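Summary of the model geometry
Take a look at the letters that make up each chain.
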Amino acid sequence: MINKVTLVGRLGADPEIRTLGSGVMVAKFSVATSESYKDRSGQWQEETQWHDVVLWRNLAERAQQSLRKGSMIYLDGKLTHRKWQDKEGNPRKTTEVVGAFFRSLDGKREIDERYSSSADNESPESSQQTSAGGSSMEAEEDLPF
């Protein structure tokens, strides 16, 4: 069985970052994806879907450093569903994508500006997610889209 989600889209707002009592960092944000199609009358229509995303630990730290409202990202993760109660005690359901990997797809110049001050602080996990022997800048330029 496989539970895998791949999204390419834009952030609707800056990530909301929290640090739990245990010291674990979590980032939450929404990603918009769009698709175009022709309706029955032959007119092009665009449909946008919003996806709630959650990133944990090192990925949350990277999101805090590199993602902003409007950022375009490539994201891999899994689909999760959870139940909870709101402040009034009403049952609620949430569907989220829990990210396992993400890469910013913003232009190279903007990426250089974002990472120039934080390159020395890059986590081991994020540096392992680049192409073998290459820098993160080279890996981003090799993406097929």
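Residues numbered from 1 in each chain as written. Predicted model: local features only at pLDDT ≥ 70, side-chain atom pairs only at ≥ 80, totals over all residues. Heavy atoms only, no water.

Looking at the protein, the pLDDT average stands at 81 and 74% of residues meet or exceed 70. Within the model, the stretch residues 109–145 combines pLDDT values under 50 with 40 contacts to residues more than four positions away or in other chains. (pLDDT = per-residue confidence, 0-100. Contact = heavy atoms within 4.5 Å.)

This paragraph deals with unusual backbone geometry. Phi is positive for Arg57, close to 50°, though the residue is something other than glycine. Of note, Arg57 is situated in helix H1 (residues 57–66). (Helix = DSSP H or I, 4+ residues; strand = E, 2+ residues; numbered from the N terminus.)

Here we take up the pairing of strand E6 (residues 91–104). Bridge count between strand E4 (residues 44–56) and E6: two bridges; the pairing is parallel. Bridge pairing in E6 links Val54 to Val98. Both strand E5 (residues 72–85) and E6 contribute to a ladder of 13 bridges, which runs antiparallel. What sits directly across from Tyr74, in E6, is Arg103. (Pairing = 2+ DSSP bridges.)

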